[in-house]
Amino acid sequence: MKTKKLPANMFAEAFHGLQQNLRTLVLYVGLATAYQSAFLFGHHTLILPIEETLDPVYLDVYAFSTTILHALYWAALQSICFARFGRKIDQPFWKISGDWESLKRFFKLWFLLDLGALTLLSVAGKLASGMDDELLAKMTFCFALGAVVTAAPFGIAVMFHGRFGPEEVRAALSTLAAQLPRAVLVVLMAFFVSMFLIDIQASENFAIGLRPLLYIVDAYLDCLIFCCVWYLCMLNRDEDTEDIDFDF
């Protein structure tokens, strides 16, 4: 039994996948932007005015607590919305019964990846800010960002195989290795767009009130990356099916 032959244009298929899922796309972008904007407002109105007077211990507790909160929120949002994307794009092959089932299967995966990413970026940012060599500081942060954007395709590939376990991890790594040129292209796109958004946000001339616009772009990028990686996973399955072709 053959699967449907897929075209080779990964980005065209990814954009088509987003068009198929406009409701989920709006939900993800809206909730991601609202959360980040609310946190930004709270941080600048409640924390920044008193930051210099707070005991460093309290600041450390605040940083740790917000990191956990961010990881919890993103893990829930990604588990639910990414599963909705996948179910629609790959119907009828990829099936998850609903949002609760998506959380049970994938929340741990995304929580660990998000927590690791946030921690790595925080540590890299602190290391880079303490370096006298500007080039070395930039390279340190770029290395951390590269690791973070590479983790996302891995998580998506694990999702494609249905749950988070040792067998699915091995299958995800095998899929990404088999589709390495396309996977590298996705990672490079994510890396350079992320660097562009970070540079804009760090610019002194960029008004803080415009940051939600960057959050919208960043959330849209998350969804585009998901659709790209989901497509290459489908393509890999299609190629494997062609190698063992059973006709009845």
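Residues numbered from 1 in each chain as written. Predicted model: local features only at pLDDT ≥ 70, side-chain atom pairs only at ≥ 80, totals over all residues. Heavy atoms only, no water.

1. Quick word on the overall build of the protein chain
For step 1, the next point in the chain: Per the secondary structure count, the protein chain includes eight helices and zero strands.
For step 2, the next point in the chain: Beginning at the N terminus, the succession of helices and strands in the protein chain can be written as α-α-α-α-α-α-α-α.
For step 3, the next point in the chain: Here the C-alpha atoms of the protein chain give a radius of gyration of 20 Å, agreeing with the 18 Å that 2.2 N^0.38 yields for 248 residues.
For step 4, the next point in the chain: When the 248 residues of the protein chain are sorted by exposure, 40% land in the buried category.
For step 5, the next point in the chain: Within the protein chain, contacts between residues separated by at least 24 positions form 80% of all contacts whose residues are at least 6 apart in sequence. (Helix = DSSP H or I, 4+ residues; strand = E, 2+ residues; numbered from the N terminus. Rg over C-alpha atoms; globule rule 2.2 N^0.38 Å. Buried < 20%, exposed > 50% of the residue type's maximum accessible area, 1.4 Å probe, protein only. Contact = heavy atoms within 4.5 Å.)

2. Description of the pattern of salt bridges
For step 1, the next point in the chain: Evaluated as defined, the whole model comprises five salt bridges.
For step 2, the next point in the chain: For arginine 237, the salt bridge is made with aspartate 90, and the minimal N-O distance between the two is 2.8 Å. Placement of the pair is arginine 237 in helix 8 (residues 211-243) and aspartate 90 in the loop between helix 3 (56-89) and helix 4 (99-129), with a sequence separation of 147 residues.
For step 3, the next point in the chain: Residue lysine 138 is joined to aspartate 199 by a salt bridge in which the shortest nitrogen-to-oxygen separation is 3.5 Å. Here aspartate 199 lies in helix 7 (residues 180-202) and lysine 138 lies in helix 5 (residues 134-160), a separation of 61 residues in the sequence.
For step 4, the next point in the chain: Here the salt bridges share partners, and the residues they tie into one network are Glu101, Lys104 and Arg105. (Salt bridge = Lys/Arg side-chain N within 4 Å of Asp/Glu carboxyl O.)

3. With respect to the packing of helix 5 against helix 6 (residues 166-178)
Describing two packed helices takes the angle between their axes plus the distance from one axis to the other.
For step 1, the next point in the chain: For the pair helix 5 and helix 6, the least separation of the axes is 8 Å and the interaxial angle reads 120°. Judged by the angle between their axes, helix 5 and helix 6 are oblique. Viewed along their axes, helix 5 and helix 6 form a crossing whose handedness is right-handed. Listed contacts from helix 6 to Pro153, Phe154, Ala157 and Val158 of helix 5 are Glu168, Val169, Ala172, Leu173 and Leu176.
For step 2, the next point in the chain: Grouping the amino acids of the contact of helix 5 with helix 6 by side-chain chemistry returns eight nonpolar, no polar and one charged. (Axes fitted to C-alpha atoms, helices over the stretch in contact; angles between N-to-C directions. Parallel < 35°, antiparallel > 145°, perpendicular 65-115°, else oblique. Left-handed = near helix turned anticlockwise from the far one by under 90°. Nonpolar A, V, L, I, M, F, W, Y, C, P; charged D, E, K, R; others polar.)

4. Quick look at a nonpolar patch on the surface
For step 1, the next point in the chain: The grouping of Leu180, Val184, Leu188 and Phe192 at the surface amounts to a nonpolar patch, some 380 Å² of accessible area in total.
For step 2, the next point in the chain: Among the structural elements, phenylalanine 192 can be located in helix 7. (Patch = residues over 30% accessible without salt bridge, like charges linked within 9 Å, V, L, I, M, F, W, Y side chains within 5 Å. Areas by Shrake-Rupley, 256 points an atom, 1.4 Å probe, with all protein chains shown as cover.)

5. Description of the environment of phenylalanine 107
For step 1, the next point in the chain: Summarising the element assignment, phenylalanine 107 is placed in helix 4.
For step 2, the next point in the chain: Sequence separation of phenylalanine 107 and phenylalanine 191 is 84 residues, and the distance between their C-alpha atoms is 24 Å.
For step 3, the next point in the chain: Excluding its chain neighbours within four sequence positions, the residues that come into contact with phenylalanine 107 are Leu72, Ala75, Ala76, Ser79 and Ser102.

6. Focus on the nonpolar core
For step 1, the next point in the chain: Core analysis: the biggest nonpolar cluster contains 56 residues, and Tyr28, Phe85, Trp110, Met159, Ile225, Phe226 and Trp230 have the highest contact counts within it.
For step 2, the next point in the chain: Listing elements by their share of this core, those giving two or more residues are helix 1 (10-20), helix 2 (22-47), helix 3, helix 4, helix 5, helix 6, helix 7 and helix 8.
For step 3, the next point in the chain: Per element, the largest residue contribution to this core is 15 residues, and it comes from helix 8.
For step 4, the next point in the chain: Other than its neighbours up to four places away in sequence, tyrosine 28 contacts Trp74, Leu77, Gln78, Cys81, Phe82, Ala219, Asp222 and Cys223. (Core = buried A, V, L, I, M, F, W, Y, C linked by side-chain atoms within 4.5 Å.)

7. A closer look at the side chain of serine 79
For step 1, the next point in the chain: Turning to its location among the elements, serine 79 is positioned in helix 3.
For step 2, the next point in the chain: A relative accessible area of 0% means that serine 79 is categorised as buried.
For step 3, the next point in the chain: Of the polar contacts made by the side chain of serine 79, one reaches the backbone oxygen of phenylalanine 106; its length is 3.4 Å. (Polar contact = N/O pair within 3.5 Å; in protein donor to acceptor, adjacent residues only side chain to side chain.)

8. Structural notes on the environment of isoleucine 80
For step 1, the next point in the chain: When you line up the elements, isoleucine 80 lands in helix 3.
For step 2, the next point in the chain: Between the C-alpha atoms of isoleucine 80 and aspartate 99, which are 19 residues apart in sequence, the distance is 5.3 Å.
For step 3, the next point in the chain: Setting aside chain neighbours within four positions, we find isoleucine 80 in contact with Asp99, Ser102 and Leu103.

9. Some details on the side chain of asparagine 21
For step 1, the next point in the chain: Mapped onto the elements, asparagine 21 comes out in the loop between helix 1 and helix 2.
For step 2, the next point in the chain: The contacts of asparagine 21, once residues within four sequence positions are left out, are Arg84, Phe85, Lys88 and Ile89.

10. Focus: the environment of glutamine 78
For step 1, the next point in the chain: In this structure, glutamine 78 sits in helix 3.
For step 2, the next point in the chain: Linking glutamine 78 and leucine 40, residues 38 residues apart in sequence, is a C-alpha distance of 20 Å.
For step 3, the next point in the chain: Other than its neighbours up to four places away in sequence, glutamine 78 contacts Tyr28, Ala83, Trp110 and Asp114.

11. Comments concerning the packing of aromatic side chains
For step 1, the next point in the chain: The final tally for this structure, using the stated rule, is 14 aromatic pairs.
For step 2, the next point in the chain: Between tryptophan 94 and phenylalanine 106, the aromatic rings sit 6.1 Å apart at their centres with planes inclined by 20°, giving stacked as the arrangement. Separated by twelve residues along the polypeptide, tryptophan 94 in the loop between helix 3 and helix 4 and phenylalanine 106 in helix 4 bring together distant segments of the chain. This pair shows no difference in class: tryptophan 94 is buried, exactly as phenylalanine 106 is.
For step 3, the next point in the chain: Ring centres of phenylalanine 226 and tryptophan 230 lie 4.9 Å apart, and the angle between their planes is 25°; on these two criteria the pair is classed as stacked. With phenylalanine 226 and tryptophan 230 both in helix 8, this residue pair falls four residues apart, about one helical turn.
For step 4, the next point in the chain: Taken together, Tyr28, Tyr35, Tyr73, Trp74, Phe82, Phe85, Trp94, Phe106, Trp110, Phe160, Phe226 and Trp230 form an aromatic cluster joined through their ring pairs. (Phe/Tyr/Trp six-rings, centres within 6.5 Å; stacked < 30°, edge-to-face > 60°.)

Honestly, that's just the spatial picture; any functional story needs more than this.
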